[in-house]
Amino acid sequence: MIKVALAGNPNCGKTTLFNDLTGSKQHVGNWPGVTVDKKEGTCKKNKDIRILDLPGTYSLSPYSAEEIVAMETITGKNGEKPDVVVNIVDATSIERNLYLTLQIMETNVPMVLALNMMDEVTEAGTKIDVSGLEKELGITIIPMVARSGKGVDELLRAVEKLAVSKSTPKQLPIFEEIKKLEADAESEEDKEEAEVAVADIRYKAIGDIVSKTVKKKKASKTEATKSDKIDKILTNRFWGIPIFLIIMYAMFACTFSENFLWLGINSPGKWLEGAVGTVWSWIVDGIAEAISGASPWLQALIVDGILEGIGAVLGFMPLVLVLYLLMSVLEDSGYMARVAFIMDRIFRKFGLSGRSFIPLLMGYGCGVPAIMATRTLEKEKDRKITATITTFMPCGAKLPIFAMFASTIFANDNQILVTYSLYILALVAAIVVSLLLNKFVYKSEASNFIMELPQYRIPTIKSVLIHGWEKVKGFGKKAGTIILLSTIFIWFLSNFNADSFNGKNREMNEDNSVMCENMEDSFLASAGRVVAPVFKPLGFGEWRPAVGVVTGWIAKENVVVTFAQLYEEDVTDEYLEQFFADMSLEELEELGFENGEYDSEAAADIYAEGILFEGGDENALPTMRKDISTKAAAYAYMVFNLLCMPCFAAVGALKRELKTWKATGGAVLVQMVTAYIVALIVKLVGGLI
Amino acid sequence: MTLRDLKPGQCGVVDSIKGTGNIRRRVLEMGVTPGTKIDVIKVAPLGDPVQVELRGYDLSLRKDEAEAIILK
Ligand SMILES: Nc1nc2c(ncn2[C@@H]2O[C@H](COP(=O)(O)OP(=O)(O)O)[C@@H](O)[C@H]2O)c(=O)[nH]1
Ligand SMILES: [Mg+2]
């Protein structure tokens, strides 16, 4: 077994080479203790070679999580020492890339240098004397084009050879000098001075080597590269921001829009979501049919618990997939770095990076892909904070809650203002929490924006597809279990009570089911009665609103469905009949009644999902208005549902990004506390008005 | 004079780096060492950060960070 570690700067083509080498046989995990991806794979051409993708770093000095991981892996502090390090160098910016090369050479591990992006070097008319460079550095150098796979075989052969010979790189004279400088520095001040001197020594040595081996075509000032021309437009003083907004809007629309480009059709994301949903409902119907002989509770467990949970996971996959395909196009093309460049000015004020804009924007559509989008943020701290605050955004599933309250309790107010103010409130809460987390939790020193702006490149379909597929697979695997288990758990709580287990339910129920007939009697309702007093200060300290919060964790729109079930005295058959009485056949059909015929069986569901979701009945749920009696309380309830723990699917995504239960729990705690405090402020201030 | 004082299209040669800590370290690692020639390419649409070119690649940094880079 040969252990190979891939090391290189960000954007040097590491991921591309890794995919070349491993094909699809790879495994993504994380390094212990840090949220840095650990990608491992077996080489497809030589099963004896195991490849480990190190995080992209500019240097090995241990100042960020990525650099520490890279350093410790190379030196063998972090598990087994690799047999060979493949250092990938972006030949188009060879000077900066060789800085890391010198540092790896200093660690004295056997190494090969993969000189990547040779196609671009040739195109630019630059000549690199590879054998001269080999002599200067004393290591094997393989020129290659990772994108087309050129040079990959040669690289493998060099790796195999080195694994046998184990020859270590030549130690340049400057290494002695550097060691001495570092050893002599004692005080902090000395150390800082030594750092400057060391960086200077390394770059001077690189300058010497490069001047001997790299011949750049005399660049005339007027001749801009293609990439420069594109950049001139995309980050232009005047058009830069409008273009940015259009690209962001297009991305959002492709994923979430139900009226794509005003064509009246669904966006690819929504379309795929619908298709998956339809196919899944056929499967569910089929399974339900097949098990119709089983005992009622088992049927319910399978259909309403397990299949519902799997359906929730499947339901999110299309959105994750489409958003991820688009994000990898932005990432691979080099535009993502410009997003940060354009938005930095605004986001640094909140202690975040400009890239946080994308997850926050996506949060308006759905929290799940939004949380997963935080993966593209460079710093661990930014990833964590953004993942925590991104579900504050009013995602699509929260809108029915707002619609129901706006149309009833706020029937005589400016309903648009009520809803709109929640959007603003979400943003303000996100900003404030981000600032507080920055200050008190991460105690971060001032962030910096010293970042490479990579060349624009046309992304390859292969890498975009691999990215998208990895995300979907990861979501299905990691978040799937959490979503499934929690959905089943809440299903259990809302359908069972103590009488389920002493036979009383079985005696009472017509169908001999052990489940409880009304949610009112369930474990969940009992729990709601216990926790309700906690919400007293917020103005909705009754059990039914409390249960609504909990069922909202399965999916936020469930709050409305649950209300329709719990306030059933308001949604009687007579009420429904009267409500639908005035509607025409077409209207009834539109709402989902088959053939436009009123059907009392279907009416309750259609009323909840067709009418309440849209805020279509201003007289709805009068009893609810006793539990949530004032406008301040109603607003506080909306705010609480807006900001508190997101649905389990989002929590699953959160766990996937934050890696540990501790960090995930911490994020959820922050969300709950924020929701409580903001709702309390709303209630108190609202009470004064 | 510092890098901050340059306008897009102008260039300068690094003399020294002020400041301490991570930012200075990062700037050095990215190749901004004494004697390096830096071209200012452009300023971001909102007025900050700036994009510069050195050692054959593009780097972005904030104006405050550019101020720490003293030019000859
Ligand atoms: N022209 C060219 N582009 C490449 C080559 N290798 C990778 N790329 C592109 O460079 C960009 C960054 O590559 P990636 O593998 O994501 O780099 P990483 O950040 O080091 O993982 C992508 O757009 C790749 O398609 C190459 O040999 N030639
Ligand atoms: Mg990569």
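Residues numbered from 1 in each chain as written. Chains lettered and ligands numbered in written order. Predicted model: local features only at pLDDT ≥ 70, side-chain atom pairs only at ≥ 80, totals over all residues. Heavy atoms only, no water.

**Student:** Give me the site of ligand 1: which residues, what numbers.
**Tutor:** All names here are of chain A. Neighbouring ligand 1 are 17 residues; Asn11, Thr15, Thr16, Asp119 and Asp332 lie closest to it. Residue asparagine 11 places a main-chain N or O atom 2.8 Å away from an oxygen atom belonging to ligand 1. Contact distances for ligand 1 include 3.1 Å between an oxygen atom and a backbone N or O atom of glycine 13. For ligand 1, whose accessible area on its own is 570 Å², the fraction buried by protein is 91%. Where the shell around ligand 1 is concerned, the elements lending two or more residues are α1 (14-22) and α4 (118-123). It is α1 that contributes the most residues to the shell around ligand 1, 3 residues altogether. Across the shell around ligand 1, the residue classes tally to 5 nonpolar, 6 polar and 6 charged. (Near = heavy atom within 4 Å. Polar contact = N/O pair within 3.5 Å; in protein donor to acceptor, adjacent residues only side chain to side chain. Areas by Shrake-Rupley, 256 points an atom, 1.4 Å probe, with all protein chains shown as cover. Helix = DSSP H or I, 4+ residues; strand = E, 2+ residues; numbered from the N terminus. Nonpolar A, V, L, I, M, F, W, Y, C, P; charged D, E, K, R; others polar.)

**Student:** Give me the nonpolar core: which residues, what numbers.
**Tutor:** Ranked by internal contacts, the top residues of the largest apolar core, which has 119 residues, are Val368, Phe405, Phe475, Phe563, Phe580 and Ile628 of chain A. Among the elements that take part in this core, helix α28 (residues 631-643) of chain A stands out by supplying 10 residues, more than any other. In this structure, valine 368 of chain A is in contact with Phe316, Val320, Phe475, Ala649, Ala650 and Ala653 of chain A, ignoring residues within four places of it in sequence. Counting 66 residues, the second-largest nonpolar core is a separate cluster that includes Ile206 and Val214 of chain A together with Val50 and Leu61 of chain B. (Core = buried A, V, L, I, M, F, W, Y, C linked by side-chain atoms within 4.5 Å. Buried < 20%, exposed > 50% of the residue type's maximum accessible area, 1.4 Å probe, protein only. Contact = heavy atoms within 4.5 Å.)

**Student:** Lay out the packing of aromatic side chains in plain terms, naming residues and giving numbers.
**Tutor:** Residues and elements named next belong to chain A. Applying the stated criterion across every chain yields a total of 26 aromatic pairs over all chains. For the ring pair phenylalanine 492 and phenylalanine 523, a centre distance of 5.9 Å and an interplane angle of 35 degrees mean the geometry is tilted. Separated by 31 residues along the polypeptide, phenylalanine 492 in helix α19 (residues 461-495) and phenylalanine 523 in helix α21 (residues 523-531) bring together distant segments of the chain. Taking relative accessible area as the criterion, phenylalanine 492 reaches 27% and is therefore assigned partly exposed. For phenylalanine 523, a relative accessible area of 28% translates into the label partly exposed. (Phe/Tyr/Trp six-rings, centres within 6.5 Å; stacked < 30°, edge-to-face > 60°.)

**Student:** Could you give an account of the environment of glutamate 123 of chain A, with specific residues and numbers?
**Tutor:** With respect to the helices and strands, glutamate 123 of chain A occurs in helix α4. In the structure, glutamate 123 of chain A is positioned 58 residues away from leucine 181 of chain A in sequence and 41 Å away in space, judged by C-alpha atoms.

**Student:** Can you break down the domain arrangement of chain A residue by residue, with the values?
**Tutor:** Each assigned domain of chain A is listed with its residue range as follows: domain 1 (2-215) and domain 2 (513-688). Once you take the C-alpha centre of each, domain 1 of chain A and domain 2 of chain A turn out to be 55 Å apart. (Domains from an automatic or database assignment.)

**Student:** Give a detailed account of the interface of chain A and chain B, specifying residues and quantitative values.
**Tutor:** On the chain B side, the residues contacting the 39 residues of chain A number 35 residues. Roughly 3600 Å² is buried in total at the junction of chain A and chain B, and carbon and sulfur atoms are behind 53% of that figure. Of all residues in chain A, Tyr203, Phe341 and Ile450 of chain A bury the most surface against chain B, accounting for 19% of the area lost on that side. Connecting chain A to chain B are 8 salt bridges. Here glutamate 67 of chain A and arginine 26 of chain B are joined by a salt bridge, their closest N and O atoms 3.0 Å apart. Counting across the interface, chain A meets chain B through 18 residue pairs in polar contact (both at pLDDT 80 or more). Of all the elements in the fold, those that place two or more residues in the side of chain A that touches chain B are α3 (94-106), α8 (188-213), α9 (226-234), α10 (240-256), α13 (335-347) and β10 (451-452) of chain A. When residues in the side of chain A that touches chain B are grouped by element, the largest group, 7 residues, is from α8 of chain A. (Buried area = accessible area lost by both parts, 1.4 Å probe. Salt bridge = Lys/Arg side-chain N within 4 Å of Asp/Glu carboxyl O.)

**Student:** An account of empty space enclosed by the protein is requested, with residue identities and associated values reported.
**Tutor:** All names here are of chain A. Applying the stated rule across the entire model yields 1 cavity of 30 Å³ or more. In terms of lining, the largest cavity is formed by Val4, Leu6, Leu21, Ile49, Ile51, Val86, Leu155, Leu156 and Val159. Residue composition of the lining of the largest cavity, by class: 9 nonpolar, no polar and no charged. (1 Å grid on protein atoms, 1.4 Å probe; cavity = no way out; pocket = protein on both sides within 12 Å on 5 of 7 lines; lining within 4 Å. Points joined across faces, edges and corners; volume = space filled by probe spheres on them.)

**Student:** So what about a nonpolar patch on the surface? Which residues, and what values?
**Tutor:** Residue and element names in this part refer to chain A. A contiguous nonpolar surface patch, about 880 Å² in accessible area, is contributed by Ile416, Tyr420, Ile424, Val428, Val432, Leu436, Phe440, Val441 and Tyr442. Counting through the fold element by element, isoleucine 416 comes out in helix α18 (residues 415-441). Relative accessible area serves as the criterion here: at 66%, isoleucine 416 is assigned to the exposed category. (Patch = residues over 30% accessible without salt bridge, like charges linked within 9 Å, V, L, I, M, F, W, Y side chains within 5 Å.)

**Student:** An account of the pairing of strand β1 (residues 2-8) of chain A is needed here, citing residue identities and associated values.
**Tutor:** All names here are of chain A. Most of β1 is tucked away: 7 of the 7 residues are buried. A two-sided burial pattern is seen for β1, the buried positions comprising Ile2, Val4, Leu6 and Gly8 on one face and Lys3, Ala5 and Ala7 on the other. Summarising the sheet, β1 and strand β4 (residues 49-53) pair through 5 bridges and their orientation is parallel. Bridge pairing in β4 links valine 4 to isoleucine 51. Pairing geometry for β1 and strand β5 (residues 84-90), over 5 bridges, is parallel. (Pairing = 2+ DSSP bridges.)

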